[in-house]
Amino acid sequence: MKRILFAFAVTAFAATSAWAQKEVTIGYQDMLDPYRVAQDSKAIEKATGYKINWKQFGGGGEVIKAMASGAVQLGEVGSAGIAAAVSRGEPYQLFWILEDIGDAEALVVKNGSGINSVADLKGKKIAMPFNSTTHFHTMVALDQAKVNPADVQILNMRPPEVRAAWQRGDIQATWIWDPVLSEVKKDGKVILTSGKLSAETGKATFDGYIVNQDWAKQNHDFMVKFVKILAASDEKYRANKAKWTGASPEVKAVAKWSGAKADDVPAGMALYHFPTLAEQNTQWLGGGKDSIAAKALDATAKFEMSQKQIEKTLPDYSVAVTNQYVQDAMK
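Residues numbered from 1 in each chain as written. Predicted model: local features only at pLDDT ≥ 70, side-chain atom pairs only at ≥ 80, totals over all residues. Heavy atoms only, no water.

Caption draft 1: Molecular detail of the environment of Ile-115. Mapped onto the fold, Ile-115 is located in the loop between β5 (105-110) and β6 (125-128). Among the residues examined, Ile-115 registers a relative accessible area of 1% and is labelled buried. Separated by 57 residues in the primary sequence, Ile-115 and Gln-172 place their C-alpha atoms 8.3 Å from one another. Ignoring any residue separated from it by four or fewer positions in sequence, one finds Ile-115 in contact with Val-109, Asp-120, Leu-121, Lys-124, Gln-172, Ala-173, Lys-189 and Ile-191. (Helix = DSSP H or I, 4+ residues; strand = E, 2+ residues; numbered from the N terminus. Buried < 20%, exposed > 50% of the residue type's maximum accessible area, 1.4 Å probe, protein only. Contact = heavy atoms within 4.5 Å.)

Caption draft 2: Quick look at the pairing of strand β10 (residues 206-212). Counting buried residues in β10 gives six out of seven residues, a clear majority hidden from the surface. Pairing analysis gives five bridges linking strand β3 (residues 74-78) to β10, with the strands arranged antiparallel. Its bridge partner lying in β10, Gly-78 is registered against Asp-207. As paired strands, strand β4 (residues 92-100) and β10 are joined by seven bridges and run antiparallel to one another. (Pairing = 2+ DSSP bridges.)

Caption draft 3: Main features of the side chain of Asn-281. Structurally, Asn-281 is set in helix α14 (residues 277-284). Judged by relative accessible area, Asn-281 falls into the buried class, the value being 15%. A distance of 3.5 Å separates the side chain of Asn-281 from the side chain of Gln-327, its partner in a polar contact. With residues near it in sequence (within four places) discarded, Asn-281 still touches Gly-286, Asn-323, Val-326, Gln-327 and Met-330. (Polar contact = N/O pair within 3.5 Å; in protein donor to acceptor, adjacent residues only side chain to side chain.)

Caption draft 4: Just helix α15 (residues 292-306), in detail. Taking 1.5 Å as the rise per residue, α15 with 15 residues should run 21 Å; its terminal C-alpha atoms sit 21 Å apart, in good agreement. When α15 is considered as a whole, its buried residues turn out to be Ala-293, Ala-294, Ala-296, Leu-297, Asp-298, Ala-299, Thr-300, Ala-301, Phe-303 and Glu-304. In this structure, the buried side of α15 is in contact with α5 (79-87), β4, α6 (133-144), β10 and α14. (Expected span 1.5 Å × (residues − 1).)

Caption draft 5: Spotlight on the nonpolar core. Formed by 84 residues in total, the largest nonpolar core has its most connected members in Leu-74, Phe-95, Tyr-209 and Phe-222. Membership of the second largest hydrophobic core comes to 20 residues, among which are Val-140, Leu-142, Ala-173 and Phe-303. (Core = buried A, V, L, I, M, F, W, Y, C linked by side-chain atoms within 4.5 Å.)

Caption draft 6: Summary view of empty space enclosed by the protein. Evaluation of the coordinates by the stated rule reveals three cavities of 30 Å³ or more. Volume-wise, the largest cavity comes out at about 70 Å³. Looking at the lining of the largest cavity residue by residue, the class counts come to three nonpolar, seven polar and two charged. Size it by volume and the second largest cavity reaches roughly 40 Å³. Elements with a minimum of two residues in the lining of the second largest cavity: α6 and α15. Partitioned by chemical class, the residues of the lining of the second largest cavity number four nonpolar, four polar and one charged. (1 Å grid on protein atoms, 1.4 Å probe; cavity = no way out; pocket = protein on both sides within 12 Å on 5 of 7 lines; lining within 4 Å. Points joined across faces, edges and corners; volume = space filled by probe spheres on them. Nonpolar A, V, L, I, M, F, W, Y, C, P; charged D, E, K, R; others polar.)

Caption draft 7: Examining the pattern of salt bridges more closely. Going through the model one piece at a time under the given rule, you end up with 14 salt bridges. A salt bridge links Lys-110 to Asp-187, with the nearest nitrogen and oxygen atoms 3.5 Å apart. Here Lys-110, found in strand β5, pairs with Asp-187, found in the loop between α8 (180-185) and β9 (188-193); they are 77 residues apart in sequence, far enough to count as distant. Here Asp-328 makes a salt bridge to Lys-331, at a shortest N to O gap of 3.1 Å. Of the residues examined, Lys-331 reaches a relative accessible area of 77% and is grouped as exposed. Several salt bridges share partner residues, and in doing so they unite Asp-33, Arg-36 and Glu-76 into one network. (Salt bridge = Lys/Arg side-chain N within 4 Å of Asp/Glu carboxyl O.)

Caption draft 8: Here's a closer look at the packing of aromatic side chains. One pass over the structure, following the stated rule, counts 19 aromatic pairs. With a centroid separation of 6.3 Å and 50° between ring planes, the pair formed by Phe-95 and Phe-226 is classed as tilted. Placement of Phe-95 in strand β4 and of Phe-226 in helix α11 (residues 220-239) is noted, with a sequence separation of 131 residues between them. In this structure Phe-95 comes out as buried when scored by relative accessible area, which is 0%. (Phe/Tyr/Trp six-rings, centres within 6.5 Å; stacked < 30°, edge-to-face > 60°.)

Caption draft 9: Examining the layout of surface pockets more closely. Of the volumes computed, that of the largest pocket is approximately 300 Å³. Along the walls of the largest pocket sit 17 residues, with Gly-61, Glu-62, Lys-65, Phe-130 and Asn-131 positioned nearest its centre. Within the residue set of the lining of the largest pocket, elements represented by two or more residues are α4 (60-69) and α5. Counted as a void, the second largest pocket has a volume near 220 Å³. Val-37, Ala-232, Ser-233, Lys-236 and Glu-250 are the residues nearest the centre of the second largest pocket, which is lined by 13 residues in total. When contributions to the lining of the second largest pocket are tallied by element, the ones reaching two or more residues are α2 (36-41) and α11. Counted by class, the lining of the second largest pocket contains seven nonpolar, three polar and three charged residues.

Have a look at this one:
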């Protein structure tokens, strides 16, 4: 009996040791973000002590589905995907703005397609991932140009599929981001950027980090340390932009995790604005209903409802936005 009890105790101790390290699965996409360097060096694992399972997805909709299933706890999602998810009542909070998209997403048309304006998209094929920031801005642009979406062949494709369709000549236009954006520009021309459209309509787009609210509450320390890494990564980039060349280790890390060509990364990243920790706290995530993030989600959700992508909107989108972890990271 003692031998049995001893064996049970050893097994229990081994199991406890194995469970001692906390674990998290994070969904990421192919955006060009400074923190890819920390992702590559395992700096986040070292700072938090957590085992991190990085899982790449082709679009925000896929990240949302994985989070809904419980397979992913944190994820990179564009503002359109966030607006749709929280409008449906899914329990996510936006806690970090990865980047203000600006000119990093653009409507590009193929050379020789005969398209010189948004109005010329009638009868043409344009592709982008549905429920993404570019899908939202495609619809905003068509509305602005008074083009009926039914008169345009709008195709749902993930970035790799957009690249392949473009190369085959199956589509004449795409509203997309890097690394595909840099590639289609080589034999295409930019008609409109998200930055220009946002300035004209007030309907901004961004990429953000969302988290399951319950998980975040139970792992507060991880959240604060993660935000500190994100903030430090952005700051290092802002202070050393000139050193981020195609041959630099930082750019190579971004290229590795995004799938972009290293030589295209510096120019691609320059199109984004990466908010500082202070900007995150006061302008983007702080300010309640009047924060940039809350207002952008509100505008996006209203448009999604008009397109029958969602059934209802929230009266106040600040309920899905928090600057708590940013504030704690600033202490």
